[in-house]
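Observations on the three-dimensional arrangement
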Amino acid sequence: AELEFNDPYPANFIYRQVATKQALRSALESPGIYCMIYAKGNVYHFYNNYWQSDTDNMLSITGGQPYSSGGAGFIVGMTISTDPMTGNQQRVAYERLCPYCDKYDKKVSALEFQEKCSRYVVCPRCHRTYDLEVQGAAINGEGNIRLYKDRLAYDGMNNLRIYK
(Lines give C-alpha, C1' and ligand atoms only; values in the text may rest on other atoms or scores of the structure.)
Protein backbone atom coordinates (compact mmCIF):
# COMPACT_ATOMS: atom_id res chain seq x y z
CA ALA A 1 0.00 0.00 0.00
CA GLU A 2 1.20 3.47 -0.86
CA LEU A 3 1.20 5.79 2.18
CA GLU A 4 1.44 9.51 1.51
CA PHE A 5 3.11 11.63 4.19
CA ASN A 6 3.06 15.39 3.88
CA ASP A 7 5.37 17.22 6.24
CA PRO A 8 3.15 19.34 8.50
CA TYR A 9 6.04 21.19 10.15
CA PRO A 10 7.58 24.53 9.25
CA ALA A 11 11.34 24.26 8.90
CA ASN A 12 13.54 27.18 9.78
CA PHE A 13 17.19 26.89 10.71
CA ILE A 14 19.94 29.37 9.91
CA TYR A 15 23.50 28.69 11.01
CA ARG A 16 26.43 30.93 10.14
CA GLN A 17 29.34 29.04 11.74
CA VAL A 18 29.57 25.88 9.58
CA ALA A 19 33.36 26.19 9.15
CA THR A 20 33.85 25.90 12.92
CA LYS A 21 31.88 22.65 13.31
CA GLN A 22 33.68 19.64 11.80
CA ALA A 23 30.73 17.26 12.26
CA LEU A 24 28.46 19.56 10.24
CA ARG A 25 31.01 20.71 7.66
CA SER A 26 32.00 17.12 6.85
CA ALA A 27 28.37 16.23 6.13
CA LEU A 28 27.86 19.21 3.84
CA GLU A 29 31.09 18.67 1.90
CA SER A 30 31.73 14.91 1.83
CA PRO A 31 29.51 12.34 0.08
CA GLY A 32 28.06 9.70 2.37
CA ILE A 33 28.43 11.66 5.60
CA TYR A 34 25.24 12.78 7.35
CA CYS A 35 24.88 15.03 10.39
CA MET A 36 22.04 15.27 12.89
CA ILE A 37 21.25 18.75 14.20
CA TYR A 38 19.04 19.31 17.21
CA ALA A 39 18.53 21.79 20.01
CA LYS A 40 18.49 20.87 23.68
CA GLY A 41 18.02 23.74 26.05
CA ASN A 42 20.05 26.64 24.64
CA VAL A 43 22.57 24.38 22.93
CA TYR A 44 22.73 23.14 19.34
CA HIS A 45 24.08 19.61 18.99
CA PHE A 46 25.72 18.35 15.80
CA TYR A 47 26.81 14.75 15.36
CA ASN A 48 27.47 12.72 12.27
CA ASN A 49 27.53 9.09 11.22
CA TYR A 50 31.32 8.99 11.71
CA TRP A 51 30.81 9.85 15.41
CA GLN A 52 32.16 13.38 15.16
CA SER A 53 30.23 15.76 17.41
CA ASP A 54 30.11 19.46 18.23
CA THR A 55 27.92 21.81 20.24
CA ASP A 56 27.24 25.53 20.13
CA ASN A 57 25.42 28.01 22.32
CA MET A 58 22.21 28.78 20.47
CA LEU A 59 21.65 32.29 21.79
CA SER A 60 25.16 33.63 21.25
CA ILE A 61 25.31 32.34 17.67
CA THR A 62 21.83 33.15 16.42
CA GLY A 63 20.92 36.10 18.59
CA GLY A 64 17.65 34.30 19.29
CA GLN A 65 17.03 33.31 15.64
CA PRO A 66 13.96 31.07 15.56
CA TYR A 67 14.55 27.35 15.18
CA SER A 68 11.65 25.29 13.86
CA SER A 69 11.34 21.63 13.08
CA GLY A 70 9.03 18.75 13.88
CA GLY A 71 10.55 18.72 17.35
CA ALA A 72 13.49 16.40 16.81
CA GLY A 73 15.80 18.51 14.63
CA PHE A 74 17.25 17.80 11.20
CA ILE A 75 19.50 15.40 9.31
CA VAL A 76 21.69 16.94 6.59
CA GLY A 77 24.29 15.50 4.25
CA MET A 78 25.55 14.87 0.76
CA THR A 79 24.52 11.74 -1.12
CA ILE A 80 27.03 9.30 -2.59
CA SER A 81 24.77 8.70 -5.58
CA THR A 82 24.60 11.40 -8.23
CA ASP A 83 21.64 13.27 -9.63
CA PRO A 84 20.91 11.77 -13.07
CA MET A 85 20.16 15.23 -14.50
CA THR A 86 23.30 17.03 -13.28
CA GLY A 87 25.75 14.23 -12.48
CA ASN A 88 26.44 15.89 -9.11
CA GLN A 89 25.96 14.65 -5.60
CA GLN A 90 23.00 16.25 -3.85
CA ARG A 91 22.87 17.94 -0.49
CA VAL A 92 19.78 16.83 1.38
CA ALA A 93 17.90 17.82 4.55
CA TYR A 94 15.30 15.76 6.38
CA GLU A 95 13.33 16.18 9.58
CA ARG A 96 14.90 13.97 12.25
CA LEU A 97 11.62 12.38 13.27
CA CYS A 98 9.91 9.17 12.27
CA PRO A 99 7.03 10.10 9.94
CA TYR A 100 5.17 6.88 10.76
CA CYS A 101 5.15 7.51 14.53
CA ASP A 102 4.31 11.15 13.92
CA LYS A 103 1.32 10.43 11.70
CA TYR A 104 -0.17 7.33 13.27
CA ASP A 105 0.84 7.52 16.92
CA LYS A 106 1.08 11.32 17.20
CA LYS A 107 4.47 10.87 18.89
CA VAL A 108 7.76 12.60 18.16
CA SER A 109 10.37 9.86 17.89
CA ALA A 110 13.88 11.12 17.13
CA LEU A 111 15.78 8.99 14.65
CA GLU A 112 19.30 7.71 15.38
CA PHE A 113 22.05 6.39 13.15
CA GLN A 114 21.84 2.62 12.80
CA GLU A 115 25.59 2.23 13.27
CA LYS A 116 28.85 4.06 12.65
CA CYS A 117 29.41 5.03 8.99
CA SER A 118 25.87 3.95 8.14
CA ARG A 119 23.56 5.63 5.65
CA TYR A 120 20.59 4.26 7.61
CA VAL A 121 18.67 5.86 10.46
CA VAL A 122 16.34 3.93 12.71
CA CYS A 123 13.32 4.83 14.83
CA PRO A 124 13.82 3.54 18.39
CA ARG A 125 10.04 3.44 18.87
CA CYS A 126 8.64 1.54 15.84
CA HIS A 127 12.01 0.15 14.61
CA ARG A 128 11.54 1.34 11.03
CA THR A 129 14.78 1.92 9.18
CA TYR A 130 15.16 4.71 6.62
CA ASP A 131 17.80 4.96 3.86
CA LEU A 132 19.28 8.45 3.56
CA GLU A 133 20.70 7.62 0.10
CA VAL A 134 17.28 6.73 -1.34
CA GLN A 135 15.31 9.91 -0.57
CA GLY A 136 14.74 8.84 3.04
CA ALA A 137 12.71 5.75 2.05
CA ALA A 138 11.75 3.18 4.69
CA ILE A 139 13.36 -0.18 4.00
CA ASN A 140 11.16 -2.17 6.38
CA GLY A 141 7.61 -1.99 7.74
CA GLU A 142 4.41 -1.56 5.80
CA GLY A 143 3.82 0.96 3.02
CA ASN A 144 6.03 3.31 1.08
CA ILE A 145 7.12 5.80 3.74
CA ARG A 146 9.75 8.51 3.32
CA LEU A 147 11.28 10.94 5.76
CA TYR A 148 9.92 14.48 5.71
CA LYS A 149 12.22 16.41 3.36
CA ASP A 150 13.25 20.05 3.72
CA ARG A 151 15.19 22.41 1.47
CA LEU A 152 18.81 23.20 2.13
CA ALA A 153 20.96 26.12 1.03
CA TYR A 154 24.70 26.12 1.75
CA ASP A 155 27.15 28.68 0.39
CA GLY A 156 30.10 26.27 0.54
CA MET A 157 31.82 28.20 3.29
CA ASN A 158 29.97 29.17 6.45
CA ASN A 159 26.25 29.71 5.95
CA LEU A 160 23.57 27.02 6.11
CA ARG A 161 19.84 27.48 5.83
CA ILE A 162 17.22 24.74 6.17
CA TYR A 163 13.70 25.72 5.21
CA LYS A 164 10.42 24.48 3.79
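Residues numbered from 1 in each chain as written. Predicted model: local features only at pLDDT ≥ 70, side-chain atom pairs only at ≥ 80, totals over all residues. Heavy atoms only, no water.

This part covers the overall build of the chain. Helix and strand counts for the chain come out as 3 helices and 12 strands. A burial count over the chain gives 45% of its 164 residues as buried. Intrachain contacts of the chain at a sequence separation of at least 6 include 55% that bridge at least 24 residues. By element, 46% of the accessible surface of the chain is carried by carbon and sulfur atoms, the whole surface being about 8,100 Å². (Helix = DSSP H or I, 4+ residues; strand = E, 2+ residues; numbered from the N terminus. Buried < 20%, exposed > 50% of the residue type's maximum accessible area, 1.4 Å probe, protein only. Contact = heavy atoms within 4.5 Å. Areas by Shrake-Rupley, 256 points an atom, 1.4 Å probe, with all protein chains shown as cover.)

Formed by 21 residues in total, the largest nonpolar core has its most connected members in Phe13, Leu24, Ile37, Phe46, Val76 and Leu160. Counting residues per element, the ones that place at least two in this core are strand 1 (12–15), helix 1 (22–29), strand 2 (34–40), strand 3 (43–48), strand 5 (74–82), strand 11 (149–154) and strand 12 (160–163). (Core = buried A, V, L, I, M, F, W, Y, C linked by side-chain atoms within 4.5 Å.)

Side chains Asp150, Leu152 and Tyr154 of strand 11 all project onto a buried face; the interleaved residues Lys149, Arg151 and Ala153 project onto a face where none is buried. By the bridge criterion, 2 bridges tie strand 6 (residues 89–95) to strand 11 in an arrangement that is antiparallel. In the strand pairing of strand 11, Ala93 is matched with Asp150. Sheet topology note: the strand 11/strand 12 ladder contains 4 bridges and is antiparallel. Looking across to strand 12, one finds that Tyr154 is bridged to Leu160. Between strand 11 and the antiparallel strand that follows it, strand 12, lie 5 residues; Gly156 among them carries a positive phi value of about 85°. (Pairing = 2+ DSSP bridges.)

Residue placement: Ala138 occurs in strand 10 (residues 137–138). When the C-alpha atoms of Ala138 and Arg128 are compared, they prove to be 6.6 Å apart, with 10 residues separating the residues in sequence. Apart from residues lying up to four places away in sequence, Ala138 is in contact with Thr129, Tyr130 and Ile145.

Reading across from one edge, 7-8-9-10 is the order of the 4 strands in this open sheet, with antiparallel pairing throughout. At either end of the open sheet lies a strand with only one pairing partner, and these are strand 7 (112–113) and strand 10.

Before going further, it helps to spend a moment on unusual backbone geometry. Although it is not a glycine, Lys106 sits at a positive phi angle of roughly 55°. When you line up the elements, Lys106 lands in the loop between helix 3 (99–104) and strand 7.

With respect to the helices and strands, the residue Asp131 is situated in strand 9 (residues 129–131). A polar side-chain atom of Asp131 sits 2.8 Å from a polar atom in the side chain of Arg119. Look past the residues within four positions of Asp131 in its chain and what remains in contact with it is Arg119, Tyr120, Gly136, Ala137 and Ile139. (Polar contact = N/O pair within 3.5 Å; in protein donor to acceptor, adjacent residues only side chain to side chain.)

Moving on, we get to the environment of Asn57. Within the secondary structure layout, Asn57 lies in strand 4 (residues 53–57). On the basis of relative accessible area, Asn57 is assigned to the partly exposed category, the value being 39%. Each C-alpha atom of the pair Asn57 and Gly41 lies 9.3 Å from the other, and the pair is 16 residues apart in sequence.

The next thing to look at is the pattern of salt bridges. This structure, assessed with the given rule, holds 6 salt bridges. Its salt-bridge partner being Asp56, residue Lys21 comes within 3.9 Å of it at the nearest N-O pair. Taken together, the residues span a long stretch of sequence, with Lys21 in the loop between strand 1 and helix 1 and Asp56 in strand 4 at a distance of 35 residues. Overall, Asp56 belongs to the buried group, its relative accessible area being 12%. The partner of Glu29 in a salt bridge is Arg25, and the shortest N-O contact between them spans 3.9 Å. Placement of the pair is Glu29 and Arg25 together in helix 1, with a separation of 4 residues, close to one helical turn. Relative accessible area serves as the criterion here: at 35%, Glu29 is assigned to the partly exposed category. Residue classification places Arg25 among the partly exposed residues on the basis of a relative accessible area of 25%. (Salt bridge = Lys/Arg side-chain N within 4 Å of Asp/Glu carboxyl O.)

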